[in-house]
Structure formats: C-alpha cells, structure tokens
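Results of the structural survey
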Amino acid sequence: MNFHLLGLSHHSAPLELRERFAVPDARMPEALAALAAEPGVAEGLVLSTCNRVEYLAITTSGDALWSFIRRWYGQEPAGLAPRFYLHAGAAAARHVFRVAASLDSLVVGEPQILGQYKAAFQAAASAGAAGGGLRALLNAAFIAAKRVRAETGLGRHSLSISHAAVELAKRIFGGLGGKTVLLIGAGEMGTQAAGYLVRQGASRLLVANRGQERGQALAAKYGGEAIPWEHLRAEAHRADVIISCTGATEPLLAKADIAALLARRKSRPILLLDIAVPRDIAADVQELENAFLYNVDDLESVVASHRADREREAARAEAMIEAELDRFWRRWEARDALPTLRALEAHGENLRRRELERWRSLLAALPPEQRAAVEELTRALMRKWLHRPLTAIRAAAEERSDLAILDSAAELFGLQIAAAPAANEAGQPQPAAQPPAGLKAGA
Amino acid sequence: MLTLSLFWARLALSLYTFGLATALITLAVRRESLFRVARGAVALGFFFHFVSIVETGVALHRFPAAQYSQASSLLAFVIVAFFLVVYRFYSPAALSLVVFPLVFVLTLVSIYGSPGVTQLAAASSRAPGNGWIYGHAILIAVGYAALTVAFAGEVLYLVAERRLKRLPLRPEGGPRLPSLQTLDAIGYRSLLAGFPLLTIGILIGLYWADRRFGGLSLTDPKVLLTLLTWAIYLILLFSRWSAGWRGRKAAYVTILCFLVAAAGWVSGNQTGLHHFLGR
C-alpha cells in the first residue's frame, strides 16, 4: 500500500476536459464513498478545482484509481489517458507538497489551493474515506506550504496580481468607485482579483462563465450579475475593468471585439486584465487607443515583482519542499518499523518491571529517595541498552536498506509484533501512459 | 505708485519662482505632501500679484491691460486663479509642472520685458464705452487661462498614457501623475468653462471694433489666430460632446489649440496687442 495520485490539471488538459471530470461539491460525498469502496483503496480523497481534478489514494496500485474513474464516470475516457498523470509513492507525495505550496498553480503562489486542499481532506475525512495515512501526508504538506509562504516571496507574488490590478485601475480611473468589473471565467486568480476589486470599492460585478451555475454562484456572492456566456460580447461594453481567466486555448476577445466595445463606450477607457495562460485577449488590443491590456507578467512588473525574483523564490520554495518531503518520507517509510520499535521498547520495559518486582521486598526497606534512585537507574540502563538496536532498526527502515533486520530483531528479542501494514512499493512514479487496457489512448 | 506696484509684482514673481522650484523638487522626489508649500507660495504670490495689478490700475486711473506687459501680467494672474480653482477640485499637483513655468515666464515678461505701446488706452480713450474693451481683455484672458490649464492636463495625459501603454510596465517613477480620467476631466471641463468666456470676449471685441473702426481688421494676425483658436476650440468641444472624442486624439487637438492661441499671443508682442489699434 502506498500513495497513488491520478489527475489532470491546467498543465495537461484544457478546461472543457477538466470540467468533464470535475466533481461538484454536492456529489463529493458520493464520489468519496465510491472511491473508498474501490477494491485495493485503503484511503482516498478527491481534489476538484477549476484548474485541477486529482484523485489521491493509498492503494495497492494505480489501477484502482483508473478503475474508480471508469466506474464513477460510467465511461471509457477513450483517448484521454495521455491527459492524465499518475504518480506513485514519493512522487505522489512530492506532487501533493508542490500543489499545496502552490508551486504547480496556474499563478504560482496563489493562496486558495491550500484552503481547497484542506476542504478536500475535510470532506474525505467526514465521508470516512481518509484516515491516518492521508492525514499524515497532508499535515506534512500543509506545514511545508506554510513554510514556503512564510519564508519566500511567493505569497507576495500572488497578492501582487490583485494589488497591481487596483494600482492600474487607480492610474486609469483614479479609483474604483462607480466602476463595473466583468469577470470572464471563474478561475481562482480571476475570482480573487475580482473580489479584491469589489472590496476596494468597485460598484458592480458582472460574471460570465461557461458553467452558468458557477457564474451565478459567484455573482450572487458579490451581489453582482451573471451574464450568459453567449452574451459576453454584447454585454462587455458595460464593464470598465475586464478580468479574464479562462482555460480557453484560443483568444476569446480579438482586437475587433475590443474596438467594437470601445465604440459602444464612446471611447471611455477600459482596463483589460488577462490573467489566463494561454491568453484570452489578443495581444494587439494594446494598440487600441483607450484600451489598456495587461497579462500576468505585466501585472507583476507593476509592483516590481520581477520574473527573476519570482524564479529565485520558486527555486528556494522547491528546495524547501524537498527538505520537508525528505523529512516526511523518512517518517513514512519508517512506519513499517513502528510495531517492531514499540514491541522492543515494551519488551525492555517489561523486563525492567519484572526485575524490580522480584526485588520489591528488599527495595521496600529503602528510604523513598533511594527507591526513586533505583527506579531511575534501571530506566536509564534499559534506555542505554536499547538505544543501539532501536536506532539501527529505525535507520534501516528509513533507508529501506535491510528490512530483514525487523525479523531478526523479533527473533533475537522474542518479540510479539502486531500485524504491520504491507510494505509499500518502490515509491517511483509510474508513467501515466500505462493505464489499464480499457483506458488506453484510442481504446 | 508705479514703483510700488512694481515692487509687489517682483515680490509675486519671487514667490512664483519659489513655488515653481518647490513644486519641481517635491514632485521629483514624490513628496506630494510637501506640495502645499509650493501651492502656498504661489497663492501668496497670487495675492501680491493682485495688489500689484490694483496699484497699477490706481496709478494709471484705468484697468491695466492696455500694454502687452500689463496684459501678460493679467494673463499670468488669471492662469494662477484658474489653477487654484482646479486644484481645489482635483488636487492635480503635477499640473504645476506645466502651469507654473508658464506663469513664471509671463510674470517675468510683464516685469522685465518691453512694455509695448499703450494702444488700448490710446484707442479706448478716443471711444465711448471703455468698460467694454476691458471686459473683452478679461474674458479673453480667462478663456486663455482655461485653455492653458486644459493644455497642461492634456500634456500630462499623454505622458501618463504613454507610461501605461509602454510594456513591460515599470513601477511608476518620476512625478506621480493624476489618473487618466482625472486628466481628461480637467482638460474637458477647463475647455467647457473657458469656451463661453472666450466666445463672449471675442464677441465684445468684434462689437467694439465695429463701433470704433466700422469692422474688424482680418489682416491682424492676432485676430486671425484668436478666431482660429476659437474655431478649433469649438470643433474640439463639439467632437468631445457628440463623437465621444477623448484620450489621445482630444489631447493632440487641445495642444494644437493652445499652440495656435500661444502663437496669437506672441504675435501680439511683435505687433502690439492689435496692430490696427495703432491706425
């Protein structure tokens, strides 16, 4: 049994595909129950956001996750296997650490993902799908993510997008009072930036999202108005600020669209924030008078968060993640040795107590302080005597160098050991291109 | 008395100079909070400038706008007044970068430049209804002052727009500029305020010229350039109102309008306020 993670993200799949595999909140308990019921799955959780859908489980193999997908979606996602990635063991743990620390996000450093991961674990724990194993992994990932946030500039980088949006709005409009913001796509960063603009005084929020339900929910949250996706071009002229963050692979708004929009606005200036990757708004829009178009990199440069700084911070964050992962993985690998270690400690303590019991009548004659000294002496002796075997067993388990030492210790000391979890697999990532036969490309 | 008015004018010029220097420094180091020192100096200069104009008027027993130097002084005074009013509404400290140097030059010219022929006094003294011609001078001056402030707003608009269009964006350096919308509003509203005054001023001038000379001399470059300024002014306002002209296009035309007006003003220096008045 070990960690396995199967998923698709903005790196591997377009929004339409991610939406097909997304699990809505209302159906999450059902999905988690189905995942937990999958043969070979000990624990599982589902992380479903705009930018990724991931199934994380402690299973005997990745096949269990493919099997779950087939069963849950009731279809063979023919030809889609290459869009998925599958990680196992340490690679799966590393992926979780990187995602939680927002190193794998569309906009590196954005803070929502940590909350989304916490909510996903909470939902899994409530549904009885997640237990100690996933808790240990996620706790370690959250600690690493918080460390990255506290000790690197990546958090500041993310905030800078929203701050830069407000800064630019001030430079163009003087302020956001009376201004209308149109959010295209309900992605994390776009939502964050739009929410920030509304909190900073924007009067009205319009939301256009392919998924009308999500658009309406977001509009309702800020007292705004949802626009049907097909009316986007007809309604966009109402906005003074447009924030676009969809997963579209082609630009949604061309230069001609923005020119028409400006004509309807009688050339009142418009601020266009394209934080989608790839871009939603054609780059040549910047040539239009009274249209001010900025992409993610432009926004970052407003607040002097240069790419070089970001890359340096990201490199520091990656190093931090590796250190934290190493620490966690040693503990995780050593979990096989835990029963042996506990049994050995208990064995030593039993011996010590038995001997003290044999000498009880003699010890009873001693003054209390001398009895306490004997107690401490025996404890210290046993600790020192067991120190070397305990250390050797723990080290061997952590390094997975010689797991036979566990059996040797049991035999040497006559230990009765409770059944341990099955030793995990090699911890190497499996190529995603090896799904079960039913999921092979073109199958 | 004239010596005294010159003293007040020089005091005003000193305060304008101090205000200009302080404005340049505070804006360059982005300490807008200290701009109030510059504004205070200019406001105080404005007061002494007023005293100087009153003293001159009292000494000459007429409104002091007959000579080119007096008209320059009046224009500088009205520009400062217009700036202070605009500042009260928009606090555009950076506008001083364009306005204060112009005020400085005009005041300097009014004190140290050639006074020019006292044509208006000579001409008006021969005609009834002297008040009309002074009304003409004041209204034209206010119209020009409005155009000057609009020009300053539009120049800054072009700078601010260029900063926003140039990619990659850099953290804003140099003087902090008002928002594009504020600069556009300053440009548009200044024009709106100045246009009717300029129009009335021109009409009064036409009326007076008709009464005095039986018509207008179209060979006077100042008249021609003023009428051209008015025509551009009208087209600009109409286009802004009807076709939604704004931004860069409106800025270029406002600057053109200002340059034509400035050419008219400079031509006044070459030929006397109106060359036909010398006939």
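Before any of the text, the structure's been laid out above.
So, a few notes on the structure that sits alongside this text. What you are looking at is a predicted structure, and each value in this text was computed from that prediction instead of being measured.

With that settled, consider the sheet that holds strand β1 (residues 2-9) of chain A. Residue and element names in this part refer to chain A. Within the open sheet, the four strands sit side by side as β2-β3-β1-β4. Their pairing is antiparallel. Each having just a single partner strand, β2 (41-48) and β4 (85-88) make up the two edges of the open sheet. When strand polarity is set aside, the average angle formed by the axes of neighbouring strands in this sheet is 15°. Judged from the four bridges that link them, β1 and β4 form a sheet pairing that is antiparallel. Each bridged residue has a counterpart across the sheet, and for L6 the counterpart in β4 is L86. Where helix α2 (residues 28-37) meets the sheet, it contacts β2 and β3 (52-59), and its direction lies at approximately 150° from that of β2.

On to the sheet that holds strand β9 (residues 270-274) of chain A, then. Residues and elements named next belong to chain A. Strand order in this open sheet of six strands is β7-β6-β5-β8-β9-β10, and the pairing throughout is parallel. Here the strands that pair on one side only, and so sit at the sheet edges, are β7 (225-227) and β10 (291-295). Within this sheet the neighbouring strands show an average axis-to-axis angle of 20°, counted without direction. Two strands pair when backbone bridges link them, and strand β5 (residues 180-184) and strand β8 (residues 241-244) are joined in this way by four bridges, in the parallel orientation. Residue pairing for β8: L183 is matched across the bridge by I243.

What follows covers the interface of chain A and chain B. Opposite the 18 residues of chain A that make contact, chain B presents 16 residues. Elements with a contribution of two residues or more to the side of chain A that touches chain B: α7 (154-173), β10 and α12 (296-302) of chain A. The element that contributes the greatest number of residues to the side of chain A that touches chain B is α7(A), accounting for four residues. A breakdown of the residues in the side of chain A that touches chain B according to their chemical character gives eight nonpolar, five polar and five charged.

Calculation rules
Residues numbered from 1 in each chain as written. Chains lettered and ligands numbered in written order. Predicted model: local features only at pLDDT ≥ 70, side-chain atom pairs only at ≥ 80, totals over all residues. Pairing = 2+ DSSP bridges. Helix = DSSP H or I, 4+ residues; strand = E, 2+ residues; numbered from the N terminus. Axes fitted to C-alpha atoms, helices over the stretch in contact; angles between N-to-C directions. Contact = placed C-beta atoms within 7 Å. Nonpolar A, V, L, I, M, F, W, Y, C, P; charged D, E, K, R; others polar.

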